[in-house]
Amino acid sequence: MTRASFVLLGCLASLVTYGLVVHAFLAIGIDLPGMARPALLAIAAVTPAVLAFFRTRAPNRESMRSPSMSKHTLVGCLVLAAVVLVPIGIALATTGPREWDGRVAWELRAIRLSDGGYFQPFFTQLGVYSPAREYPLLQPLVLADLTRLVGLEAARFVFPLLFVVLVVGVFGALERALRRPAAILMAASFFVLPGFIGTGAGNVDSGYAELIVALFLCGVGSALAVAPGSARATPWQTLLFCVSVAGLPMLKPEGTVYAWLALVVGVHALPKNGVVLGSVLTGISCGLVAAVRAHAIPMATGRIVLVACAPLVVILLRVALDLVPAGRRTLRTAIIAGTVGSLLGAALLLVSVSGSMDAVVDGGLGRVVARLGDLPRMLFGGLGVAFDVRKFALLWGVTVLAFASRGKYAARQHALGAFVALGLLAAFASLFLVPENDLEHELVSRFDRLLLQWTAPAWLFAGLRLFTTEELHLAAPRGRKNPRNDIELRS
Amino acid sequence: MKAPWTPRVAWVLVIASFAFSLARIPHATWGKRLAQVREFEQLGAAGYHLGRTWPDELRIVEWIEANTPSDAVVLWRGTWQGPIEHVVASIGDRLLFDADVAGGIPGSETQLLGRPVARGSFEGKTGRVVLIATRESLSMEIVP
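Here is what the cut-offs are and how they apply
- Residues numbered from 1 in each chain as written.
- Chains lettered and ligands numbered in written order.
- Predicted model: local features only at pLDDT ≥ 70, side-chain atom pairs only at ≥ 80, totals over all residues.
- Heavy atoms only, no water.
- Helix = DSSP H or I, 4+ residues; strand = E, 2+ residues; numbered from the N terminus.
- Buried < 20%, exposed > 50% of the residue type's maximum accessible area, 1.4 Å probe, protein only.
- Contact = heavy atoms within 4.5 Å.
- Lys, Arg positive; Asp, Glu negative; His and termini not counted.
- Charge placed at Lys NZ, Arg CZ, Asp CG, Glu CD.
- Expected span 1.5 Å × (residues − 1).
- Arc of directions from axis to C-beta.
- Salt bridge = Lys/Arg side-chain N within 4 Å of Asp/Glu carboxyl O.
- Polar contact = N/O pair within 3.5 Å; in protein donor to acceptor, adjacent residues only side chain to side chain.
- Buried area = accessible area lost by both parts, 1.4 Å probe.
- Nonpolar A, V, L, I, M, F, W, Y, C, P; charged D, E, K, R; others polar.
- Axes fitted to C-alpha atoms, helices over the stretch in contact; angles between N-to-C directions.
- Parallel < 35°, antiparallel > 145°, perpendicular 65-115°, else oblique.
- Core = buried A, V, L, I, M, F, W, Y, C linked by side-chain atoms within 4.5 Å.
- Phe/Tyr/Trp six-rings, centres within 6.5 Å; stacked < 30°, edge-to-face > 60°.
- pLDDT = per-residue confidence, 0-100.

### Describing the overall build of chain B
(1) Moving on: When helices and strands are tallied, chain B shows four helices and seven strands.
(2) Moving on: Each helix (α) and strand (β) of chain B, taken in turn from the N terminus, gives the series α-α-β-α-β-α-β-β-β-β-β.
(3) Moving on: With 144 residues in all, chain B has 44% of them scored as buried.
(4) Moving on: In chain B, the share of contacts with a sequence separation of at least 24, taken over all contacts with a separation of at least 6, comes to 51%.
(5) Moving on: Looking at chain B, you have 15 positive and 15 negative side-chain charges, and the mean spots of the two groups are 14 Å apart.

### Here's the deal with helix α20 (residues 375-386) of chain A
Residue and element names in this part refer to chain A.
(1) Moving on: The terminal C-alpha atoms of α20 lie 16 Å apart, and with twelve residues this matches the ideal 16 Å at 1.5 Å per residue to within 8%.
(2) Moving on: Of the positions making up α20, those classed as buried are Met 378, Gly 382, Val 385 and Ala 386. Within α20, the buried residues cover an arc of 95° as seen down the axis, which keeps them to one side.

### Remarks on the side chain of Arg 103 of chain A
(1) Moving on: Tracing the backbone through its elements, the reader meets Arg 103 of chain A in helix α4 (residues 100-116).
(2) Moving on: Despite being buried, Arg 103 of chain A has no salt bridge partner; Glu 107 of chain A is the closest side chain of opposite charge, sitting 7.0 Å away.
(3) Moving on: A polar side-chain atom of Arg 103 of chain A sits 3.2 Å from the main-chain carbonyl oxygen of Ala 89 of chain B.

### A short note on the interface of chain B and chain A
(1) Moving on: Taken together, the contact between chain B and chain A spans 55 residues of the former and 55 residues of the latter.
(2) Moving on: For the chain B and chain A pair, buried surface summed over both sides reaches about 4,600 Å², with 70% attributable to carbon and sulfur atoms.
(3) Moving on: Taken as a group, Trp 11, Phe 18 and Arg 33 of chain B account for 14% of the area that chain B buries against chain A, more than any other trio of residues on that side.
(4) Moving on: Across the contact surface, chain B and chain A share one salt bridge.
(5) Moving on: In this structure, the salt-bridge partner of Asp 205 of chain A is Arg 33 of chain B, at a minimum N-O distance of 2.9 Å.
(6) Moving on: Applying the counting rule to chain B against chain A returns 17 residue pairs in polar contact (both at pLDDT 80 or more).
(7) Moving on: Mapped onto the side of chain B that touches chain A, the elements with two or more residues apiece are α1 (5-51), α3 (84-88) and β2 (95-98) of chain B.
(8) Moving on: Counted by class, the side of chain B that touches chain A contains 35 nonpolar, ten polar and ten charged residues.

### Quick notes on the packing of helix α24 (residues 439-453) of chain A against helix α25 (residues 455-467) of chain A
How two helices sit against one another is set out by the angle between their axes and by the gap between those axes.
All names here are of chain A.
(1) Moving on: Two elements in contact, α24 and α25, have axes separated by 5 Å at closest approach and are oriented at 50°. Accordingly, the angle class assigned to the pair α24 and α25 is oblique. Residues Leu 451, Leu 452 and Gln 453 of α24 touch α25, and the partners they reach there are Thr 455, Ala 456 and Pro 457.
(2) Moving on: Split into classes, the residues belonging to the contact of α24 with α25 amount to four nonpolar, two polar and no charged.

### Regarding the nonpolar core
(1) Moving on: Ranked by size, the top nonpolar core spans 192 residues in total, and within it Leu 166, Phe 190 and Phe 196 of chain A together with Leu 96 and Leu 131 of chain B carry the most contacts.
(2) Moving on: With 14 residues, helix α1 (residues 3-27) of chain A is the largest single contributor of residues to this core.
(3) Moving on: Excluding residues that lie within four positions of it along the chain, Leu 131 of chain B makes contacts with Ile 60, Ile 64, Val 74, Leu 75, Trp 76, Arg 77, Ile 84, Val 87, Leu 96, Leu 138, Ser 139 and Met 140 of chain B.

### Some words on the pattern of salt bridges
(1) Moving on: On inspection of all chains with the given rule, the structure shows 19 salt bridges over all chains.
(2) Moving on: Between Glu 210 of chain A and Lys 252 of chain A there is a salt bridge whose closest N-O contact spans 2.8 Å. With Glu 210 of chain A in helix α11 (residues 210-224) and Lys 252 of chain A in the loop between α12 (235-247) and α13 (253-269), this pair connects stretches of sequence that are 42 residues apart. Both residues of the pair, Glu 210 of chain A and Lys 252 of chain A, belong to the buried class.
(3) Moving on: As a salt-bridge pair, Arg 52 of chain B and Glu 39 of chain B come within 3.5 Å of each other at their nearest N and O atoms. Here the residue Arg 52 of chain B occupies a position in the loop between α1 and α2 (55-67), and Glu 39 of chain B occupies one in helix α1, the gap between them amounting to 13 residues.
(4) Moving on: Overall, the relative accessible area of 44% leaves Arg 52 of chain B in the partly exposed class.
(5) Moving on: Glu 39 of chain B sits in the partly exposed class, given a relative accessible area of 29%.
(6) Moving on: Connected through shared salt-bridge partners, Glu 210, Lys 252, Glu 254 and Arg 449 of chain A make up one network.

### Looking at unusual backbone geometry
(1) Moving on: One non-glycine residue, Ala 132 of chain A, lies in the positive phi region at around 60°.
(2) Moving on: Note on placement: Ala 132 of chain A falls in the loop between α5 (121-124) and α6 (138-150).
(3) Moving on: Despite not being glycine, Glu 123 of chain B shows a phi value in the positive range, around 50°.

### Thoughts on the packing of aromatic side chains
(1) Moving on: Enumeration over the complete set of coordinates arrives at 19 aromatic pairs over all chains.
(2) Moving on: Plain terms: the ring middles of Phe 403 of chain A and Phe 461 of chain A are 4.5 Å apart, the flat faces sit at 35° to each other, and that makes the pair tilted. One end of the pair, Phe 403 of chain A, is in helix α22 (residues 395-404); the other, Phe 461 of chain A, is in helix α25, and 58 residues separate them in sequence.
(3) Moving on: A relative accessible area of 3% places Phe 461 of chain A in the buried class.
(4) Moving on: Between Trp 63 of chain B and Phe 122 of chain B the ring centres are 5.6 Å apart and the planes differ by 70°, which places this aromatic pair in the edge-to-face class.

### A closer look at the confidence of the model for chain A
(1) Moving on: Residues with a pLDDT of 70 or more make up 85% of chain A, whose mean pLDDT is 84.
(2) Moving on: Contacts from residues 471-491 of chain A, a stretch scored under 50 in pLDDT, to residues over four places away or in other chains number 50 contacts.

### A closer look at the environment of Asp 101 of chain A
(1) Moving on: Looking at the secondary structure, you find Asp 101 of chain A in helix α4.
(2) Moving on: The exposure class of Asp 101 of chain A is partly exposed, given its relative accessible area of 25%.
(3) Moving on: Residues Asp 101 of chain A and Arg 377 of chain A, 276 residues apart in the sequence, show an inter-C-alpha distance of 26 Å.
(4) Moving on: Non-local contacts of Asp 101 of chain A, meaning those with residues more than four positions away in its chain, are made with Trp 106, Tyr 208 and Arg 449 of chain A together with Glu 85 of chain B.

### Section: the side chain of Arg 465 of chain A
(1) Moving on: Topologically, Arg 465 of chain A is positioned in helix α25.
(2) Moving on: Looking at Arg 465 of chain A, its side chain comes within polar contact range of the main-chain oxygen of Ser 405 of chain A, at 2.7 Å.

### Quick look at α25 of chain A
(1) Moving on: Between its terminal C-alpha atoms α25 of chain A stretches 17 Å, which fits the 18 Å expected from 13 residues at 1.5 Å a residue.
(2) Moving on: Counting buried positions along α25 of chain A gives 13 out of 13 residues, so the element sits mostly inside the fold.

So, in structure tokens, the structure goes:
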């Protein structure tokens, strides 16, 4: 992994460590008093950060052999960062979230958590009006504890910080396979993506959770990306994968679905130990989120156990795949495809029974069938949203090109490509569940945010697939043999 | 060896995407955002989120803030989506409580969750305040 990827790993490991510990206390009915939780956040943040710091002092072995960044490039990047981040900083320092859910679903919960902790009527009494009561709590908890430490206005600056880590993470993954100028240009293009730095819902200072979901999906994408000269994920990549999938269920309801998709794709792309660790951590994460939610929305213990154990199915899948002879790729692929479908259905079901998405699942199968007639409208509407340059510039155009490209210069990124494709499919499939009269609204106010979450892994996929050059590919990292060619060299 | 057309097209798209996004920064990142900030500072949080679209609902929020204790429980019934979402974020430490659920709780005429139930005089009536929420609007009733 490159130095930049360690920054991403350090950040995600901090968030997940903190999230799991706090959720574990909340699950057993203990809300850490006073400054104990902020102190825990600080410790969780400092430890991986120190590790990442020492790691980043080591030679940057896995980046491509390009000269260091020139002074001009560095100055250019800093100027661009200032031009983008200064207005966001001004807005954060002077106003609260200016978008709907950023205020009522996300920051309001953080303020309440900061004032009175989790075990107060706002969260635990069903009679009390509490928007997004069923939503996971990691982001509000982080904001609440930072508020206790430094005040709400300063705490809001965590969002641009996470955005910088996201861009650094994108750069880190691209740096492994692209020449540095190309990686910088790709990362800079991502940095100025209108969806994040503009003024709509989901942007950096909107208070929404799209940014943090994108950060964790970037972690998964970075872990699944195959570096030139290596056929399998490195141990650090495996660790990055595990913390990323473990964090997703603590962010938003759809995070559970994404975590499952990542695990299923990881079955084929990661070492067995990584699959086992990732599944166990995801199971713990899902179980803790459900147990904490059960204090607010009553849920039988059996269901919590079911939610926690469901990701372990992925371990069984991995064991089953190992039993299939290596040559029978069709059978292996069929098993994976069948499992993806069933896991996705199971994930949606579990998410629904655990209290989330009730509003959209209420319609049941009948609504899905009725929606088939709306398929053209959904397709064209979805494409219209994806290709809205005011939100995504040409990001999805480049991604489509990456999926369509074939030939000797198209680097193999099967796992990352499958992850992005399944994620987009899941986002689109969610349109089948929304009420009929809400389709137009859902397309422009929710589907666009789902796409925003997937921008980082999609951009990674596009960059790595289209711009990994043969010359760089053949330069395997020092001390490691090139076990498999990752570029199709048919001609 | 001649390179295929896809990477070239892709680079053109990436550079075009970068250039387009850069070109939008003065308007979308600076201009619109600072205009929002100015409006927010002028109107306040409740005015910005409620007042621009629902001025009558903003007046209800202001009435609640002026006439009920800061830790009061305000009863409500109706649809959970709509302006009511911003009301809950605009009334400080007060809580909104489902009026139908409250009806089954003994003593809820005066107290709920150890807090006073919001009461007041409005349009000639005196009693408990109940907010009636729809997706498009919010109204206030006074019940005995």
